[in-house]
Amino acid sequence: MYLSLDSLDDDTLLGVFSALTVPDVLNLRQTCRRLLSFSSQQIVWQNIGSSQILQQGIPFSKKPLSSFSVRDLEERVRRAYHLGEAWKAPSITFRTSSFAASRGGPIQDIHFIPGYDRKWLITVSQGIWSMITLWDRRDLTRVTSWSPEKAVFSNLAVNTSEDCEATLAVSLHRYDSVVVEILAITSTAPDSPPGFECVARLNTLRQPIAMVGSLVALADDEAETIIWNWKTQEYAVLQSPVEADLWRNKCTQIVFAYKTILVVRARSVHAFAEPKLASHPNTCVHYPYAQSTFGWVDGIFVSNPPFSPKDPTRMEGQPLSILVRTKNDDPWSSTFKIQLWTLSPMTSSYQTTVDGAYYNFPPSMTKEIVTPRRGALRCTDMVLGPYGTAVWVQPEDYSVAGLISSNVHLQNMPVPQSHETLVAAAFPGLLNTQGEPQVKSSWKNCGKNWTCLDYDEERGCVALGSAAGAVTILDI
């Protein structure tokens, strides 16, 4: 007597489906109507998402699996499975698309918007005045723009929390004022296009650097950082030591880590115990419990640990990863380095001896990639995802052409060409079990110079803005 899968009861069949890979499920559902119907149930894709995506360390949403509709959950799980397989392969291939986002002027900044089904992208450009444009990355169409009259943007921060009331914090400079505005993406009716709406405002010279939920981190170019709750109007002041030999120490990143706020500046990283916010006037000033420096570098990016289904806080007991692009003092050197550093939590016994301290300084260098090319670095952005994948722009190699000119003695002489490239790499972890960093792709830019980039690790998508006003999107 032979049993077919179609004759099994639902509980047994659910166990079978939970043990199958995503391609196996897609193949099996094509065999009969019952298996097609059964494989379209929420519980099937929740089990697959838990066992084959979350537990395997593949990038996925922080939201509970049960919060998605069955159609959305299946699409996300299938996408995540494809992404995990791509990163584990020897190399990855990008699907490319591009569009003109600005009429001749450069793209100054570019960001994916978390939430909203991860379909939106914003660009910042400037003609006479600055403009933020919202794009639908699925069909590369413009959704809406926001350009206050007689205003120039100095910086903006995107809310990293999904589907929050506010989406952006923008610093606006006018001839008579400087203000930070909190913007929400709203729609007046279900069938009307969305637009930007100001929901809060703060008069300050400090620039928004990070935004998480209702918290906005603002900083100056010297030593002061403000953590501000735009809903309650409560705030805290963080004061870093002033470096006497620096007239400007620009803040590049602020990270809300576990029980700690990391303030990353041009030459230093300062760790502050998580402060208690208070209403005005708040005279309490918080000082760092630790600090570290990497010397002169081209960039620093700090990444929180990945989401863990066993730890809703995501970060307790987990180390932070720091990506550093070194700056070589030797003008004749043809290399630079990408270094991965680890900032580990203190032991429980030591945490009790240092009030509010959680991470053990200084960080330790764990891995390094030596890049044998060096040229003018126009796009200094680099992104390290929580799951250990990273992207950065590698400059074109000026030494390829040497001193040859295409107009030497008015003759046509071929000049070797070099192009800047987008590098995608996986550092050791669940997506790279080789023990050493693996460069998975180097995508050449044969067009205009890149000026900015952003990377959505969950979707496996890179967006690059150019000096000519074009946007290139690379999908894994």
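This one's a predicted model, so the numbers in the text were calculated from it and none came from an experiment.

**Q** Requested: an account of the sheet that holds strand β24 (residues 389-394), with residues and values cited.
**A** What holds strands together in a sheet is hydrogen bonding between their backbones, with the strands either parallel or antiparallel. Spatially, four strands are ordered β23-β24-β25-β26 in an open sheet, and the strand pairing comes out antiparallel. On the outer flanks of this sheet lie β23 (382-384) and β26 (438-444), each paired with one strand and no other. Along the sheet, successive strands turn relative to each other by an average axial angle of 15 degrees, direction set aside. Across six bridges, strand β25 (residues 421-426) lies against β26 in antiparallel orientation. Across the sheet, the residue bridging to V423 is S442, located in β26. Docked against the sheet, helix α5 (residues 70-88) engages β24, β25 and β26, running at close to 95 degrees with respect to β25.

**Q** Break down the pairing of strand β29 (residues 470-475) for me, with residues and values.
**A** Counting buried residues along β29, five of its six residues qualify, which places the element largely inside the surrounding structure. Of the strand pairs in this sheet, strand β1 (residues 95-100) and β29 are connected by six bridges, and their pairing is antiparallel. By the bridge assignment, A100 is partnered in β29 with A470. Bridge count for strand β28 (residues 461-466) against β29 is five bridges, and the pairing is antiparallel. Across the sheet, residue L464 finds its bridge partner in β29, namely T472. Connecting β28 to the next strand, β29, in antiparallel fashion are three residues, including G469 with a positive phi near 90 degrees.

**Q** Account for empty space enclosed by the protein, naming residues and giving values.
**A** Unfilled space is identified by rolling a water-sized probe across the atoms. Throughout the structure, instances matching the rule amount to three cavities of 30 Å³ or more. If you add up the space inside the largest cavity, you get close to 50 Å³. Considering the residues around the largest cavity, the lining is formed by P59, F60, R76, R79, A80, E458 and R459. Along the lines of polarity and charge, the residues of the lining of the largest cavity split into three nonpolar, no polar and four charged. Here the residues of the lining of the second largest cavity are counted per class, giving five nonpolar, three polar and two charged.

**Q** Could you give an account of the pattern of salt bridges, with specific residues and numbers?
**A** This structure, assessed with the given rule, holds 14 salt bridges. With a shortest N-O distance of 3.7 Å, E75 and R459 are connected by a salt bridge. Taken as a pair, E75 in helix α5 and R459 in the loop between β27 (450-456) and β28 lie far apart in primary sequence, 384 residues in all. Take E75: its relative accessible area is 36%, and that puts it in the partly exposed class. By relative accessible area, which is 19% here, R459 ends up buried. A salt bridge links R76 to E458; its shortest N-O distance comes to 3.3 Å.

**Q** Describe the packing of aromatic side chains, listing the residues and the values that go with them.
**A** Under the counting rule described, the total for this entry stands at eight aromatic pairs. For the ring pair F17 and F38, a centre distance of 5.4 Å and an interplane angle of 45 degrees mean the geometry is tilted. In this pair, F17 sits in helix α1 (residues 10-18) while F38 sits in helix α3 (residues 33-38), placing the two residues 21 residues apart along the sequence. F38 matches F17 in its accessibility class, with the two residues each being buried. Aromatic pair F99 and W135: ring centres 4.7 Å apart, planes at 50 degrees, arrangement tilted. Linking F99 in strand β1 with W135 in strand β4 (residues 130-136), this pair joins segments that are 36 residues apart in sequence.

**Q** Give me the packing of α1 against helix α4 (residues 42-54): which residues, what numbers.
**A** In contact at an axis separation of 9 Å, α1 and α4 are set at 35 degrees when each is read in the N-to-C sense. Crossing of α1 over α4 shows right-handed handedness. Side by side, α1 and α4 meet where L14, F17 and S18 of the first sit next to I43, V44, N47, I48, S51 and Q52 of the second. Across the contact of α1 with α4, the residue classes tally to five nonpolar, four polar and no charged.

**Q** Any details on the side chain of T260? Residues and values, ideally.
**A** Its location among the elements puts T260 in strand β15 (residues 260-265). For T260, a relative accessible area of 0% translates into the label buried. Of note is the side chain of T260, whose polar atom sits 3.0 Å from the side chain of Y289.

Conventions we followed
Residues numbered from 1 in each chain as written. Predicted model: local features only at pLDDT ≥ 70, side-chain atom pairs only at ≥ 80, totals over all residues. Heavy atoms only, no water. Pairing = 2+ DSSP bridges. Helix = DSSP H or I, 4+ residues; strand = E, 2+ residues; numbered from the N terminus. Axes fitted to C-alpha atoms, helices over the stretch in contact; angles between N-to-C directions. Contact = heavy atoms within 4.5 Å. Buried < 20%, exposed > 50% of the residue type's maximum accessible area, 1.4 Å probe, protein only. 1 Å grid on protein atoms, 1.4 Å probe; cavity = no way out; pocket = protein on both sides within 12 Å on 5 of 7 lines; lining within 4 Å. Points joined across faces, edges and corners; volume = space filled by probe spheres on them. Nonpolar A, V, L, I, M, F, W, Y, C, P; charged D, E, K, R; others polar. Salt bridge = Lys/Arg side-chain N within 4 Å of Asp/Glu carboxyl O. Phe/Tyr/Trp six-rings, centres within 6.5 Å; stacked < 30°, edge-to-face > 60°. Left-handed = near helix turned anticlockwise from the far one by under 90°. Polar contact = N/O pair within 3.5 Å; in protein donor to acceptor, adjacent residues only side chain to side chain.

Spatial relationships are all this shows, so hold off on functional conclusions.
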